[in-house]
Each structure stands twice: as C-alpha cells, then as structure tokens.
Amino acid sequence: MRTKAAVAALALLTGAVTVGCADADGAASTRSAEQLLDEADRTMKALTSVTIATDTETGLGNGRSSRLRTDLKSRCTYTSAETTGSELEQIRIGETDYIHGNEVYLEM
C-alpha cells in the first residue's frame, strides 16, 4: 500500500534529520543510534495523520506540486498539479480509490 511506503519514507527521513542535526552550540548529539531510533519510533507511533507536500521545479522551467495526506488508517488523499496544466486528485477510502484527472492529465 502506498500509504505504508510514504510513512516508512517519512520515518527514515525523520531519523536521518534527527541523526544529522547538531545542538545549538554545534556539538553533535551524544545519544546512541538505538536511542535515536527509539525516539523516532515513539514519535511515529504517536502520529494520527501525516501530510507530505512537495514543490519541484526542473531546469527546463517545468514543475509539479503535490500533497499527500493520510489518517494512517483507511483514508488518504493525493493531489498533483503540473505547470503543464495537468491535475490529478485521488482519494482512497478503505480499499477503494477514486481518481479524477483533468482533461490535460487524461490526454497525457
């Protein structure tokens, strides 16, 4: 399921940011990798929803923005818009997906 993949990616990103961040005085954290992972695990388990927003631009001036939101149970929504005018909306409720693309998206 895409939702699980998105949550796993977010967990990895959160762990990488936590490990890569230094304290305000520039000193690295003295916590062990296991302590950092335990903290990340507790944080992820406490989440009730996740939203991932992107805004990407290519060197050719084309771009895309997207937003994925999930309640981590049975519902997620995804929207994508490109500078070409292409737009896509997707809603998942339980095991059912509802997809709506505009005319530009469907032509592509």
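Calculation criteria
- Residues numbered from 1 in each chain as written.
- Predicted model: local features only at pLDDT ≥ 70, side-chain atom pairs only at ≥ 80, totals over all residues.
- Heavy atoms only, no water.
- Helix = DSSP H or I, 4+ residues; strand = E, 2+ residues; numbered from the N terminus.
- Buried < 20%, exposed > 50% of the residue type's maximum accessible area, 1.4 Å probe, protein only.
- Contact = heavy atoms within 4.5 Å.
- Areas by Shrake-Rupley, 256 points an atom, 1.4 Å probe, with all protein chains shown as cover.
- Pairing = 2+ DSSP bridges.
- Axes fitted to C-alpha atoms, helices over the stretch in contact; angles between N-to-C directions.
- Polar contact = N/O pair within 3.5 Å; in protein donor to acceptor, adjacent residues only side chain to side chain.
- Expected span 1.5 Å × (residues − 1).
- Arc of directions from axis to C-beta.
- Salt bridge = Lys/Arg side-chain N within 4 Å of Asp/Glu carboxyl O.
- Patch = residues over 30% accessible without salt bridge, like charges linked within 9 Å, V, L, I, M, F, W, Y side chains within 5 Å.

Asker: Account for the overall build of the protein, with residues named and values stated.
Answerer: Scanning the protein from N- to C-terminus turns up three helices and five strands. Here the protein, with 108 residues, has 17% of them falling under the buried criterion. In the protein, of all internal contacts separated by at least 6 residues, the share reaching a separation of at least 24 is 15%. Looking at the protein as shown, the accessible area adds up to about 8000 Å², and 55% of this sits on carbon and sulfur atoms.

Asker: Outline the sheet that holds strand β2 (residues 63–70), listing residues and values.
Answerer: If you trace the five strands from one edge of the open sheet to the other, you get β1-β2-β3-β4-β5, paired in antiparallel fashion. Two strands in the sheet have a free side with no partner beyond their single neighbour: β1 (50–57) and β5 (96–101). Ignoring which end each strand starts from, the neighbouring axes of this sheet average 5° apart.

Asker: An account of the environment of glycine 101 is requested, with residue identities and associated values reported.
Answerer: The topology assignment puts glycine 101 in strand β5. Since its relative accessible area comes to 14%, glycine 101 is described here as buried. C-alpha separation for the pair glycine 101 and glutamate 87, spaced 14 residues apart in sequence, amounts to 5.7 Å. Sequence-distant contacts of glycine 101, defined by excluding residues within four places in its chain, comprise Glu87, Leu88 and Leu106.

Asker: Any details on the side chain of serine 66? Residues and values, ideally.
Answerer: Tracing the chain through its elements places serine 66 in strand β2. Side-chain polar atoms of serine 66 contact the side chain of threonine 54, separated by 2.5 Å. Contact partners of serine 66, with chain neighbours within four places excluded, come to Ile52, Ala53, Thr54, Tyr78, Thr79 and Ser80.

Asker: How would you summarise the environment of cysteine 76 if you had to cite specific residues and measurements?
Answerer: When you line up the elements, cysteine 76 lands in strand β3 (residues 75–82). On the basis of relative accessibility, which here comes to 11%, the residue cysteine 76 falls in the buried class.

Asker: Can you tell me about the side chain of serine 80, naming the residues and giving the values?
Answerer: Topologically, serine 80 is positioned in strand β3. Every residue in contact with serine 80, bar those within four places of it in the chain, is listed here: Arg64, Ser65, Ser66, Ser86, Glu87 and Leu88.

Asker: Can you explain helix α2 (residues 33–46)? Please cite residues and give values.
Answerer: Here α2 spans 20 Å end to end across 14 residues, near enough to the 20 Å set by a 1.5 Å rise per residue. Where α2 is concerned, the buried positions are Leu36, Ala40 and Met44. Buried positions in α2, seen along its axis, are confined to an arc of 70° and lie on one side of it. Facing away from the buried surface of α2 by more than 90 degrees, the exposed residues are Glu34, Arg42, Lys45 and Ala46.

Asker: Give a detailed account of the pattern of salt bridges, specifying residues and quantitative values.
Answerer: Pairing of side chains with opposite charge becomes possible as their charged atoms draw close. Enumeration over the complete set of coordinates arrives at four salt bridges. Glutamate 39 is the partner of arginine 31 in a salt bridge, and the nearest nitrogen-oxygen pair spans 2.2 Å.

Asker: Lay out a nonpolar patch on the surface in plain terms, naming residues and giving numbers.
Answerer: Where nonpolar side chains cluster on the molecular surface, the patch consists of Ile91, Ile93 and Tyr98 and spans about 270 Å² of accessible area. With respect to the helices and strands, isoleucine 93 occurs in strand β4 (residues 87–93). What makes isoleucine 93 partly exposed here is its relative accessible area of 41%.

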